[in-house]
Structure formats: structure tokens, C-alpha cells
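The lines below spell out each chain.
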Amino acid sequence: METLQIKDKKFAVSIPEAEILEQVRRVAGEINRDFAGREPVFLAVLNGSFVFAADLLREVKLPSQISFIKLASYEGTASSGAVKELVGLNTDIAGRDVIIVEDIIDSGLTMEYLTGLLAQRHPHSVSVCTLLLKPGNLKVNLDIRYKCFSIPNDFIVGYGLDYDGYGRNTRDIYTVVD
Ligand code: 5GP
Ligand code: MG
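**What about the coordination of the magnesium ion (ligand 2)?**
In the first shell of the magnesium ion (ligand 2), the protein supplies Glu102 (OE) and Asp103 (OD), at 2.3 to 2.4 Å from the metal. Note on accessibility: Glu102 and Asp103 belong to one class, buried.

See the structure below:
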């Protein structure tokens, strides 16, 4: 079994490229069906979703737009800790069908925060499309309309996802091995 070493961690392939692309096509097909006659705007959450977004969007056959956003974390002055801010949303989403493209949903706190921010801008609808979901860690009630894979709680890299900035440039998805 081919392994990948990144710094102190060793990883092994857990989802091969062919399986990823099969699920990406399935989800794109669902979006094509659900949004027929509409012109959705995709919002890909950087950095991790850049590979998924590239593959997904090329399977979408609708007239559509894509924009890239980022959530910047700051050390807040409040005791609650990190405060997040939406960076780079330069598309007017008022009245639009927004599809958020995310790499992975873990606790779900990031996605809950993001959907809350977007709702303030009066979109017609907001749908969540994630490559990966760790249902075992989910702490909030999220409506996840599109999902390629549910995975165990182990740490993964590849296909856009990183460990300390490395490992984004693999075609397969890897899971840490101990
Ligand atoms: P949440 O707010 O859902 O807990 O956090 C989601 C974020 O945590 C993802 O966007 C990603 O940056 C990070 N994350 C969670 N699990 C993993 C994982 O297994 N691998 C990597 N590379 N990032 C993860
Ligand atoms: Mg992410």
C-alpha cells in the first residue's frame, strides 16, 4: 500500500481518485436536476475546496457563476476565542440560489457560522455541498443537501485538504495511520 509521509505523520490511501470522481459526478447530477432552469452561484470556501470545486463545476451543466471566499480567524478580544470574518465575497447574492462548496464538515461550526452570515445578505436559497462529512463529530444541526462521502473521525489529507499546508496536491484522499 502506497503511503505518504508529511512531517511527523504517515498517511495511506483511503478514497482513490476514481471513487472521488464518481461521487463528484453523482452530486453534480443532483445539482443539475435540482437547479434546472435556475442560475446558481457557487461559493467555494478556500483553501481546501479548490480541487473539489474545480472538478464539481466542470460537471455542472447549468448557467452558473463561481466565487471564492475565505473565513479569516482572529484572536478575539472576547473570551469566546476566535472570531471569524468573511473575506472576498464580492458577488451580490441577494435573490440568488447560493451553493456553498466545502471540503469537509467536522464539528459543523464553520458551516453554521457561514450560512448565518450569508443569510444576512438575503439570498433566495442557500444549499450546502460538501465533499466530506464526519458525522461522528457534528455538534450542530445542519441541513447538508449535497455530500460525496461520510467518513470516520480520523484526520485526512489530499485532493485539496492539507496537513500544515502540505498534501493538497494528491489525486487520492489519504487517512492518517498510526
Ligand atoms: P468544523 O468547523 O466543521 O469543525 O471545521 C471544518 C474545518 O476543519 C475544515 O474546513 C478543515 O479546514 C478542518 N478539518 C476538519 N477535519 C479535517 C481533516 O480530517 N483533515 C483536514 N485536512 N482538515 C480538517
Ligand atoms: Mg474547509
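Following the structure, the description resumes.
**Thoughts on a nonpolar patch on the surface**
A cluster of nonpolar side chains, namely Leu46, Phe50, Ile66 and Phe68, defines an oily patch on the protein surface of about 320 Å² accessible area. Note on placement: Phe50 falls in helix H2 (residues 50-57). For Phe50, a relative accessible area of 39% gives the class partly exposed.

**So, helix H1 (residues 17-34)**
Taking 1.5 Å of rise per residue, 18 residues should cover 26 Å, and H1 covers 26 Å from first to last C-alpha, within 8% of that figure. Residues of H1 that are buried: Ile20, Gln23, Val24, Val27, Ala28, Glu30, Ile31 and Asn32.

**A closer look at the packing of H1 against H2**
Their axes nearest at 9 Å, the elements H1 and H2 cross at an angle of 60°. One finds that H1 runs oblique with respect to H2. Seen along the crossing, H1 lies across H2 with a hand that is right-handed. Together, Leu21, Val24, Val27, Ala28 and Ile31 of H1 and Phe52, Asp55 and Leu56 of H2 make up the contact between the two elements. Class assignment for the residues of the contact of H1 with H2 results in seven nonpolar, no polar and one charged.

**Structural notes on helix H3 (residues 109-119)**
Here H3 has its buried residues at Met111, Leu114, Leu117 and Leu118. Each buried residue of H3 sits inside an arc of 125° when the element is viewed along its axis, so together they form one side.

**Let's talk about the nonpolar core**
Grouped together as the largest cluster of nonpolar side chains are 30 residues, with contacts concentrated most on Ile31, Phe52, Leu56, Leu131 and Leu132. If you look at the next biggest cluster of nonpolar residues, it comprises 20 residues, including Leu71, Leu86, Met111 and Leu142.

**Observations concerning the packing of aromatic side chains**
Across all of its chains, the model carries three aromatic pairs by this definition. When the ring of Phe11 is compared with that of Tyr163, the centres are 6.2 Å apart and the planes differ by 55°; the resulting orientation is tilted. Of this pair, Phe11 sits in strand S2 (residues 9-15) while Tyr163 sits in the loop between strand S9 (156-157) and strand S10 (173-177), and the two are 152 residues apart along the sequence. Each member of the pair, Phe11 together with Tyr163, is buried. Summarising the aromatic geometry, the rings of Phe155 and Tyr163 are spaced 5.9 Å apart at their centres and angled 75° between planes, so their arrangement reads as edge-to-face. Put simply, the rings of Phe11, Phe155 and Tyr163 pair up and form one aromatic cluster.

Analysis parameters
Sequence order as written defines residue numbering, which begins from 1 separately in each chain. Note on labels: chains are lettered from A, ligands numbered from 1, in written order. For this predicted model, a pLDDT threshold of at least 70 governs which residues receive local features, and a threshold of 80 or more governs which side-chain atom pairs are given and counted, while totals over whole chains, interfaces and linings are taken from all residues. Computation of side-chain values covers all heavy atoms of the structure but excludes hydrogens and water. Sites may look incomplete because water is not among the atoms; the donors themselves are N, O and S atoms within 2.8 Å of the metal, or within 3.2 Å for Na, K and Ca. Summary of the burial criterion: residues with accessible area below 20% of their type's maximum are buried, those above 50% are exposed, and those between are partly exposed, where the area comes from a 1.4 Å probe applied to protein chains only. Think of a patch as exposed residues, more than 30% relative accessible area, with no salt bridge, where like charges cluster within 9 Å and nonpolar side chains (Val, Leu, Ile, Met, Phe, Trp, Tyr) cluster within 5 Å. Note on areas: Shrake-Rupley, 1.4 Å probe, and residue coverage restricted to the protein chains presented here. We define a salt bridge as a side-chain nitrogen of Lys or Arg found within 4 Å of a carboxyl oxygen belonging to Asp or Glu. Helix and strand labels come from DSSP, where a helix needs a run of H or I of at least four residues and a strand needs a run of E of at least two; each type is numbered from the N terminus. Multiplying 1.5 Å by the residue count of a helix minus one yields the expected span of that helix. Working convention: axes come from line fits to C-alpha atoms, limited for helices to the stretch in contact. Angles between N-to-C directions cover 0 to 180 degrees. Small angles under 35 degrees read as roughly parallel and large ones over 145 as roughly antiparallel, with 65 to 115 read as roughly perpendicular and the rest as oblique. The crossing is said to be left-handed when, going from far helix to near helix, the turn is anticlockwise and less than a right angle, and right-handed when the turn is clockwise. Whether two residues are in contact is decided by their heavy atoms: any pair within 4.5 Å suffices. Three residue categories are used. Nonpolar comprises Ala, Val, Leu, Ile, Met, Phe, Trp, Tyr, Cys and Pro, charged comprises Asp, Glu, Lys and Arg, and polar comprises the others, including Gly. To obtain the arc, one takes the directions from the helix axis to the C-beta atoms. By nonpolar core we mean a set of buried residues, namely Ala, Val, Leu, Ile, Met, Phe, Trp, Tyr and Cys, connected to one another through side-chain atoms within 4.5 Å. Classification of ring pairs uses Phe, Tyr and Trp, with its six-membered ring standing for Trp, and accepts pairs whose centres are within 6.5 Å; under 30 degrees between planes counts as stacked, over 60 as edge-to-face, and the remaining range as tilted.

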